[in-house]
Structures are given as C-alpha cells and as structure tokens.
Amino acid sequence: MSIESAKSKDFISENPDGSSLWKDAWIRLRANRLATISLYFFIFISLLTLLGPEIATSSYEDQNLNRTFAPPGAESLFGTDNLGRDLFARVLHGGRISLAVGFLATSVSLIIGVAYGMTSGYLGGKMDALMMRFVDILYSLPFTIFVILLMVLFGRNFILLFVAIGAVEWLTMARITRAQTLSLKQAEFIEAARALGYSHPRVLFRHILPNLLGPVIVYATLTVPAVMLLEAVLSFLGLGVQAPMSSWGSLIKEGSEKMDIAPWLIFFPGVFFSLTLLALNFLGDGLRDALDPRAAKE
Amino acid sequence: MIKFILLRILQAIPTLFIIATLTFFMTRLAPGGPFDAEKNIPEEIKEKLESHFGLEKPLHTQYFLYLGNLLRGDLGPSFKYMGWEVSELIAKAFPVSAQLGLFSLLIALALGLPAGVVAALRKNSAYDYCLMITAMLGICLPTFVLGPLLILFFSSWLGWLPPLGWYSFADMVLPSLTLGLFYGAYIARLTRAGMLDTLNQDYIRTARAKGAPPVRVVLRHAIKGGLLPVVTFLGPAFAGLISGSFIIESIFFIPGLGRFFVTAAFNRDYTMVLGTVLFYACLIIILNLLVDMIQASIDPKTRNR
C-alpha cells in the first residue's frame, strides 16, 4: 500500500535515479540487523498466534483435571495450569487477543489522531490554536486513572477497552501530524498543487497525507507496544478480558498467583509478551532511523 | 517566572473542573451504588444511609453540592470506611505511595544516568550495545512480570527478602527495585540520546580545543544539555510512577493510595474515587510545573513559552 503511493507522481524522489523514499527506507531498514531480526520475529509471532488453534493440540479452554500443574514436557509443551489447561494453547490464544487489542486500538488512535492533526494544521490560525489547546487540556488529564476507572465502573467490556485506550493514544498522534502538516503546508509542491487549482481535499489526501506518513508510521509502531502494555496492566488488575478467554496480561496475572507451585505459568507468557514488545520497539527504532535520514546520520 | 507560575496555576483550574465533572458523572452513571453490595441490609436502613449521604437528592443538586464543598476544600466523608473523611484516608495512604515513588525514582536515576552517559561516551562500543540492549529489556519487561519474578527469585528461592507488606526497610527493596529498574531503563536511553546530541555541539568542541580535560568536559559542559530530555521525561514519569504503583501495590500488597483507589472504584465509594482522582490530578499538575521550572532554569530557550 505504501509502496503504491510511493510510486505515485506526487512523490519527490530523494535521488535522481528514481529510487523512492520508501525504497530507500526499506534498504536502510534491511541494513539494520536488529530491526530486521525484530521484523521477522514479529511476523513469526503474529503467524503463530493467528494459526495457534491449528498448531496447538488442545483448545485453550479444555480442562483436564487429571493433569493439573503438569510441568513443560512432551505432552504439553509449556505445561498446564491449575485446571489442566494446556498453557501452549493459552499463550497462543492470549497472544492473539493482546495483538488484536494492540493493533485495533492503535488503528483507532491513528485515524482520530491523523484526521484531527491534519485538520488542525491545515486550517491553521485561530482554529488550530483552539484545537491544540483542547489537546493540551486532555493531555493533562490523568488518563491511566480514567481508563482504570472506566473499566471498573462499566465492567469488562471489550469494545470499551479499545475506545478507552484509543482515546488516550490519539493525542500524541495528533500533535505529530499537526507539526508535519504545518511544515508541509509551506512546501513548494503544495503551493504548486494549490496553484494548479486542486481542491483542498485533494491537496490534503494526495499531497500532504502521503508525505506525513513516515513519522506517523514510526509512532504507530511504537504505539502498538504501549497499547499492549496498557491492556496488560488492565488485565493484571483484573479489568481486562475475562476467563476462559485470556490475553498475555491475564495469563501473567494467573501465573504470578501460582508461580510458587508452577513457575512456568508466569515464565512463558512473560517471555512471549516481553519479546514481542522488544521486537516492536526495535522495529520502531529501526523504522525511525530508516524513514528519517537526518536522525539516522548522527 | 512568577507570571509563568501564576499562569500555569490559572490554567490548572479549568482542568481540575473538567476532571471533577467527568469523574462525578462517570461514577454516578455507572451501574451499582455504594450500598448495593451489603448483605441483608433492610430497605429502610439503605434508604437512611442514602439520605444521610445525600444520595436521594437529584443528580444535579448533588453535583453542585459536591462542587461547593470542593471549593471549601472539603472532599466529603467516605461511603465505605464509615466515620472516615476522604482527606484523612488520603493522608494515611499517600505517604506510603510517595515513599515507594521516591525510592523508585532514586534507583532509576542512580542506574539510568551513569549507564546513559557511559553508553554515549563509548558510542557503538560493546559497552554501548550491552547497556542499551539491557535498557531495552528493562523497558519491555513490564513491572508485573519483573515484580513476581523478583519475588520468586529473592523471596521464594533465596529467602533473602520478604515477598510482601510494607513494614520494614527490607519490605521496600523489591517493590522499589521493580519500579526503579523500569524507569532506570527509560532514563538510560534518554540520557544517551541527550548526551550524544550535546557532545556534537560546537561549544563542546570549543571546550575540548581549549584543552579542558575530558572528565571536565563531560561533567561541566555536556551533562547540563544532555540531561534536558531526562528532565522533560520526569513530568510524565511522575504520572507513570503513580499509575505504575497501582500494579506494584497490588503485587506486593502495599497499603498505598493506588490500592485504595482501585478498591474504592470497585466499591462505588463515590467520594473516595473523586477525592483520589482530584488528588492525583493536582499532584501531576504540581509536579509538571516543577519540572517545567527546572527545565527553564537549565535551558533559557524554553523560558518564554
């Protein structure tokens, strides 16, 4: 998708022989070994959790009371919990929920933030000042506290979880987008597009939007782990997804309660969760260096 | 400077008003009431309780009554802890949370700053890579994974430190370490980035050209600019330390404000929830103001914002 837009005529090539900004970025990303490994690891984890039920020999909710607290072994790869449920299946299932929350909530914040920031930056003047003042006020609210409050008061509602987390995370996205839009507005090619008589929506979506995607993508990559962390915090406080469903956060909570008898119950979800966050953060850093050559030079 | 502080305090008033309103209606619109969970409570006693706390009045009357009390600095009585004022409960629980936050911050700074400076000075060396990968691990190993693992290792297996409670100094080690390691990792990364940025500046080259010893260049010239991102981070970090302490307090069974807040929300203890949220909000606003003042005193460029 991004490669497509890169090929459109609106793009300014960075160097004369026609290699696009995105192609350059891809080459730079590939040169960063840590980021490349992270990318492959992340794809691997995503596939694993997506295909989880196909790989795991038993379902995440099947109980087997004859085999409670079985240590990791041939029969169940990661061991079993207090109800004899296969931890491997539960970790894969939990990963699916955690990643889904991460991506959906990030998408919510991406859409709200980019639309808000672009509008604010493009309109400029008084409207911009007003819209940004609103963001400033929201910024000073203790949001984690509100999210916790929301989840306690209105029960563990899956949709509410996305809305609540998305509502917290869009603010920074809006700020980044606005700053980008403001500087792009001054660019000569935007002036040229306006002079050609293109409409405002066309300029916004065909000329400004593709050019501010870089920083936005970088920030989105870093938002996914942040969201997953917040979801896990909520699940850990007992406010996230409900049993028998599991997310990595709720598995870690269960594991921490029973770790004296069965340390593997906290070990495997913890390792999966941490490694995924690690990969996403390294990938985000790598993308930033790749998409922002100025920052990469130092 | 005084004008700047006054302006910020003025700005805080609408923010606090919005927070109070939002929280008030959020708690009231949520299903359930403070006296629903009591078992076998006769209807007339429940009504008596509700009228004692003014809960039978229309919602908007309650709202204005609450705001009026708030202006006089009265947070009202707790609905669940009979005979306790909300302010008394906060005064009892907050010092515990503050202690935890302070120790954690000290640990974070003590670990993060040196690590970041060393990594920046030995950029792209083995030191740099090891420190930064450790820091990244620290960020990605959430407190609720690290905390239980530390308990498992130091309490269950080695038996060196108590796993829970908040009575003696030994009790404080594991919780503070858990929270401190996380923020220390963050600070290390920020310090490294800030130091790298500063070390490339012309005035550092000038200092070196004048023949200042390397240690002096770092400690006297570079560190001031290099610490700016860390100072900026301290504002959100305080807020994070507060919400992070919810988790820590529930892992280690610490009687801090975070646990009071979560229990109060579960119990529909309206005044306690409102009081805690407003207290947190004030705290964050004050700490952010302090951070901005420190920032302004380090970096003259930010003074006129």
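Residues numbered from 1 in each chain as written. Chains lettered and ligands numbered in written order. Predicted model: local features only at pLDDT ≥ 70, side-chain atom pairs only at ≥ 80, totals over all residues.

A.B. asks: Help me understand the overall build of chain A in this model?
C.D. replies: Counting its secondary structure elements, chain A contains 13 helices and zero strands. Counting from the amino terminus, helix and strand elements in chain A follow one another as α-α-α-α-α-α-α-α-α-α-α-α-α. For chain A, buried positions account for 44% of its 298 residues. Across chain A, contacts joining residues at least 24 apart in sequence account for 67% of those joining residues at least 6 apart. (Helix = DSSP H or I, 4+ residues; strand = E, 2+ residues; numbered from the N terminus. Buried ≥ 20, exposed ≤ 12 C-beta atoms within 10 Å, placed from the backbone. Contact = placed C-beta atoms within 7 Å.)

A.B. asks: Help me understand the nonpolar core, please; the structure alone is not making it clear to me.
C.D. replies: Core analysis: the largest hydrophobic core is formed by 147 residues, its most contacted members being V147(A), I148(A), I165(A), A232(A), I252(A) and I187(B). At 18 residues, helix α10 (residues 200-236) of chain A tops the list of elements feeding residues into this core. Apart from residues lying up to four places away in sequence, I165(A) is in contact with A105(A), V147(A), V227(A), L230(A) and E231(A). (Core = buried A, V, L, I, M, F, W, Y, C linked by C-beta atoms within 7 Å.)

A.B. asks: I would appreciate a short explanation of the environment of I165(A) in the present structure.
C.D. replies: All names here are of chain A. The topology assignment puts I165 in helix α8 (residues 158-185). The buried category is assigned to I165, around which 26 C-beta atoms lie within 10 Å. For the pair I165 and V147, spaced 18 residues apart in sequence, the C-alpha to C-alpha distance is 7.2 Å.

A.B. asks: For this particular structure, what's the right way to read helix α3 (residues 33-50) of chain A?
C.D. replies: For the α-helix, the turn length of 3.6 residues means that residues three or four positions removed from each other point alike. All names here are of chain A. Taking 1.5 Å as the rise per residue, α3 with 18 residues should run 26 Å; its terminal C-alpha atoms sit 26 Å apart, in good agreement. Of all the positions in α3, only A35, S38, F42 and T49 are classed as buried. Each buried residue of α3 lies within a common arc of 55° when the element is viewed along its axis, so the set occupies one face. Opposite its buried face, α3 presents the exposed residues R33, Y40, I43, F44 and L47, each directed more than 90 degrees away. (Expected span 1.5 Å × (residues − 1). Arc of directions from axis to C-beta.)

A.B. asks: Where do I start with the interface of chain B and chain A in this structure?
C.D. replies: Accessible area lost upon the coming together of the parts serves often as the stated size of an interface. Facing 34 residues of chain B, the contacting portion of chain A comprises 30 residues. Broken down by class, the residue content of the side of chain B that touches chain A amounts to 28 nonpolar, six polar and no charged. (Nonpolar A, V, L, I, M, F, W, Y, C, P; charged D, E, K, R; others polar.)

A.B. asks: How should I be thinking about the environment of R268(B) in this particular structure?
C.D. replies: All names here are of chain B. Locating R268 in the fold gives a position in the loop between α11 (257-267) and α12 (270-298). The class of R268 is buried, set by 22 C-beta atoms lying within 10 Å. Through-space distance from the C-alpha of R268 to that of L181 is 34 Å; in sequence the pair is 87 residues apart. Ignoring any residue separated from it by four or fewer positions in sequence, one finds R268 in contact with G32, G33 and P34.

A.B. asks: What should I look at first to understand the packing of helix α1 (residues 2-29) of chain B against helix α3 (residues 59-71) of chain B in this one?
C.D. replies: Packed helices, taken two at a time, are described by the angle their axes make and the gap between the axes. Residues and elements named next belong to chain B. Where α1 meets α3, the axes come as close as 11 Å, and the angle between the chain directions of the two elements is 140°. On the basis of their axis angle, the class for α1 and α3 is oblique. Crossing geometry of α1 relative to α3 is assigned as right-handed. Side by side, α1 and α3 meet where A20, F24 and R28 of the first sit next to L59, Y63, Y66, L67 and L70 of the second. Across the contact of α1 with α3, the residue classes break down as seven nonpolar, no polar and one charged. (Axes fitted to C-alpha atoms, helices over the stretch in contact; angles between N-to-C directions. Parallel < 35°, antiparallel > 145°, perpendicular 65-115°, else oblique. Left-handed = near helix turned anticlockwise from the far one by under 90°.)

A.B. asks: Mind showing me how you'd approach helix α9 (residues 188-195) of chain A here?
C.D. replies: Sparse coverage of α9(A) is indicated by the burial of zero of its eight residues. In the segment just after α9(A), G197(A) is the residue with positive phi, at about 90°.

A.B. asks: What is the right way to look at the environment of F35(B) in this model?
C.D. replies: You can see F35(B) is positioned in the loop between α1 and α2 (43-52). Considering only alpha carbons, one finds F35(B) and Y167(B), 132 residues apart in sequence, at a separation of 32 Å.

A.B. asks: So what exactly am I meant to see when it comes to the confidence of the model for chain B here?
C.D. replies: Detailed reading of the predicted coordinates is not advisable wherever pLDDT is low. All names here are of chain B. Considering every residue of chain B, the mean pLDDT works out to 80; 95% of them sit at 70 or more. By mean pLDDT, α2 is the weakest element of chain B at 73, and helix α4 (residues 86-121) is the strongest at 87. Interface confidence for the predicted complex, expressed as ipTM, amounts to 0.72; the pTM equals 0.77. (pLDDT = per-residue confidence, 0-100.)

A.B. asks: Can you walk me through unusual backbone geometry in this structure?
C.D. replies: Phi is mostly negative for residues that are not glycine, and the peptide bonds are mostly trans. Residues and elements named next belong to chain B. You will see that F253, though not glycine, has its phi angle at about 50°, which is positive. Here F253 shows up in the loop between α10 (228-252) and α11. Owing to 13 C-beta atoms within 10 Å, F253 belongs among the partly exposed residues under this scheme.

A.B. asks: I tried to follow the packing of helix α8 (residues 202-209) of chain B against helix α9 (residues 214-226) of chain B on my own but got confused; where do I start?
C.D. replies: Residues and elements named next belong to chain B. In the contact formed by α8 and α9, the axes pass within 10 Å of each other and the chain directions differ by 150°. The angle between α8 and α9 places the two elements in the roughly antiparallel class. Note that α8 runs across α9; the crossing there is right-handed. From α8, Y203, I204, A207 and R208 reach across to α9, where they touch V217, H221 and A222. Considered class by class, the residues forming the contact of α8 with α9 number five nonpolar, one polar and one charged.

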